[in-house]
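The residues making up each chain are set out below.
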Amino acid sequence: MFAAFIAVLGIFPGLYLGGSGVPIVIQNAGPVLAGAILGARRGTASVVLLLALVAMGLPLLSGGRGGLAPFIGPSGGFIFGWILAALVAGLIVQRAERPGLPVLALATTAGFLTQYLIGIPFLGAYTGDLGAAAVQSLVFLPGDAAKMAAVATIAAVVHRALPGTLTRPAVRGE
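Residues numbered from 1 in each chain as written. Predicted model: local features only at pLDDT ≥ 70, side-chain atom pairs only at ≥ 80, totals over all residues. Heavy atoms only, no water.

An unreviewed UniProt entry annotates the protein chain as Biotin transporter of Prauserella cavernicola. Quoted verbatim from the Sequence similarities (unreviewed entry) heading of the UniProt record, the comment on the protein chain is "Belongs to the BioY family." According to its UniProt record, the protein chain has this under Subcellular location (unreviewed entry): "Cell membrane". (UniProt positions renumbered as here; feature names shortened; annotations may be inferred.)

1. Description of the side chain of D144
Along the chain, D144 falls in helix 8 (residues 141-161). Take D144: its relative accessible area is 6%, and that puts it in the buried class. Within the local environment of D144, its side chain forms a polar contact with the side chain of Y116, the two groups lying 2.6 Å apart. Other than its neighbours up to four places away in sequence, D144 contacts N28, F112 and Y116. (Helix = DSSP H or I, 4+ residues; strand = E, 2+ residues; numbered from the N terminus. Buried < 20%, exposed > 50% of the residue type's maximum accessible area, 1.4 Å probe, protein only. Polar contact = N/O pair within 3.5 Å; in protein donor to acceptor, adjacent residues only side chain to side chain. Contact = heavy atoms within 4.5 Å.)

2. Considering the pattern of salt bridges
What the rule picks out here adds up to 1 salt bridge. In this structure, the salt-bridge partner of K147 is D144, at a minimum N-O distance of 2.9 Å. Here the residue K147 and the residue D144 both occupy positions in helix 8, the gap between them amounting to 3 residues, near one helical turn. As far as the burial class goes, K147 and D144 line up, both buried. (Salt bridge = Lys/Arg side-chain N within 4 Å of Asp/Glu carboxyl O.)

3. Some words on the packing of aromatic side chains
Evaluated as defined, the whole model comprises 5 aromatic pairs. Ring geometry for F78 versus Y116: centroids 6.3 Å apart, planes at 85 degrees, classification edge-to-face. Residue F78 is located in helix 5 (residues 76-95), and its partner Y116 is located in helix 6 (residues 101-127); the two are separated by 38 residues in the primary sequence. When the ring of F80 is compared with that of F122, the centres are 6.5 Å apart and the planes differ by 55 degrees; the resulting orientation is tilted. Here F80, found in helix 5, pairs with F122, found in helix 6; they are 42 residues apart in sequence, far enough to count as distant. Under the relative-accessibility criterion, F80 is labelled partly exposed at 37%. Through pairs of rings, three or more aromatic residues link up here, namely F71, F80 and F122. (Phe/Tyr/Trp six-rings, centres within 6.5 Å; stacked < 30°, edge-to-face > 60°.)

4. Describing the UniProt feature "transmembrane region" (unreviewed entry) in the protein chain
Per the UniProt record, the feature "transmembrane region" (unreviewed entry) sits at residues 6-26, 47-65, 71-92, 104-125 and 145-162. In residues 104-125, the share of helix is 100% and the share of strand is 0%. The end C-alpha atoms are 32 Å apart.

5. So, the environment of M1
Position of M1 among the secondary structure elements: in the segment before helix 1 (2-9). Distance in space between the C-alpha atoms of M1 and A34 is 9.8 Å, their sequence separation being 33 residues.

This is the structure in structure tokens:
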């Protein structure tokens, strides 16, 4: 279901600002939300499923993009970063006894930062200028900050309404 949800977020077209060739999309919030709600394993699996479908040619990325081209283009690193973003957000949320808004805010922030951690060096390698890639990526910060707040709030509401949604990994001695 979350792979489908992330695909639906791709209906909203990307907005190209600056010269990086990487669009500002709402879709990058989906992987972080998947990790924050489903946990590391299931959240990451949903992102991997979506990306596998995209690689097979389904036009599920923002703007109707699909196939292998998005993975090797300027936004490829950010797309690959979605996998790690779901994993990181999920791991942080799973460690909490009861994931409240502060934990979810930390998890979503870490998830979005992870996308930058993969995306900016990839864009730098693509353009040949890491510094320019970092500067060009600043255009994403205001929108991503708003998405972080929205994702943390949505995840908090879901965890409050459905407390059994998140599965925690087994701890030794239990």
